[in-house]
Amino acid sequence: MASTFSFDIVSDFDRQELVNAVDQVIRDIKGRYDLKDTQTTVELVEESINVSTDSEFTLDSVHNILREKAAKRNLSQKIFDFGKVESASGNRVRQEIKLKKGISQEIAKQISKLIRDEFKKVQASIQGDAVRVSAKSKDDLQVVMQRLKQEDYPVALQFTNYR
């Protein structure tokens, strides 16, 4: 049995689940008494979510609703990168919430170093914004997965292409 098994470590999210979560946030804002007259807008664009509202207090409420709806749809809180709150015209505030996707080179190096140091029979290679992990034993790969789940990286990690 000379074949090797492998899996990929990626940082991604389900776009459709995010679309559904943002739609629920918009519906929630229209229905909530404290947010009804704030003329709050939540807009999902390609790489970010744009929020415009009348005060920082209502912006915090929108953040809480967004986090809650995302959590219910199994989206990690780590995909949100809350930008700076900016003043807009008419005493309003706006904020861009960037969506994090992909593993940076720095984090990929940390992951591969951890695997090299702790698991001698396992190889890790950086491939773009993913890390491929391979070994001769599936058991070794599952141990690596368990170990990586214990770490707290600033991005959400998923394990794909397990074969």
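Residues numbered from 1 in each chain as written. Predicted model: local features only at pLDDT ≥ 70, side-chain atom pairs only at ≥ 80, totals over all residues. Heavy atoms only, no water.

As named in an unreviewed UniProt entry, the protein chain is Nucleotide-binding protein IQ229_17500, taken from Nostoc cf. edaphicum LEGE 07299. Under the Function (unreviewed entry) heading, UniProt states for the protein chain: "Nucleotide-binding protein." (UniProt positions renumbered as here; feature names shortened; annotations may be inferred.)

Brief notes about the packing of helix α3 (residues 105-118) against helix α4 (residues 138-150)
Interhelical geometry of α3 versus α4 gives an angle of 125° and a closest axis separation of 11 Å. By the angle class used here, α3 and α4 are oblique. At the point where α3 passes α4, the crossing takes the right-handed sense. Taken together, the residues of α4 that come into contact with α3 (itself represented by I111, L114, I115 and E118) are V144, R147 and L148. Class assignment for the residues of the contact of α3 with α4 results in five nonpolar, no polar and two charged. (Axes fitted to C-alpha atoms, helices over the stretch in contact; angles between N-to-C directions. Helix = DSSP H or I, 4+ residues; strand = E, 2+ residues; numbered from the N terminus. Parallel < 35°, antiparallel > 145°, perpendicular 65-115°, else oblique. Left-handed = near helix turned anticlockwise from the far one by under 90°. Contact = heavy atoms within 4.5 Å. Nonpolar A, V, L, I, M, F, W, Y, C, P; charged D, E, K, R; others polar.)

Description of the nonpolar core
In terms of nonpolar packing, the biggest core is built from 21 residues, with L18, V42, I49 and F80 touching the most fellow members. Elements represented by at least two residues in this core include exactly α1 (15-31), β3 (48-53), α2 (56-72) and β6 (92-99). Non-local contacts of L18, meaning those with residues more than four positions away in its chain, are made with F13, L44, I49, L75, I79, F80 and L99. Formed by 20 residues, the second largest nonpolar core is a distinct cluster that contains F5, A108, V122 and L148. (Core = buried A, V, L, I, M, F, W, Y, C linked by side-chain atoms within 4.5 Å. Buried < 20%, exposed > 50% of the residue type's maximum accessible area, 1.4 Å probe, protein only.)

Quick notes on the packing of α1 against α2
Each pair of packed helices can be described by the angle between their axes along with the distance between the axes. Two numbers describe how α1 lies on α2: the axes approach to 9 Å, and their chain directions differ by 135°. In terms of orientation, α1 lies oblique with respect to α2. Seen along the crossing, α1 lies across α2 with a hand that is right-handed. Contact with α1, carried on its side by A21, V22, Q24, V25, D28 and I29, involves V62, I65, L66, K69 and A70 of α2 and no other residues of that element.

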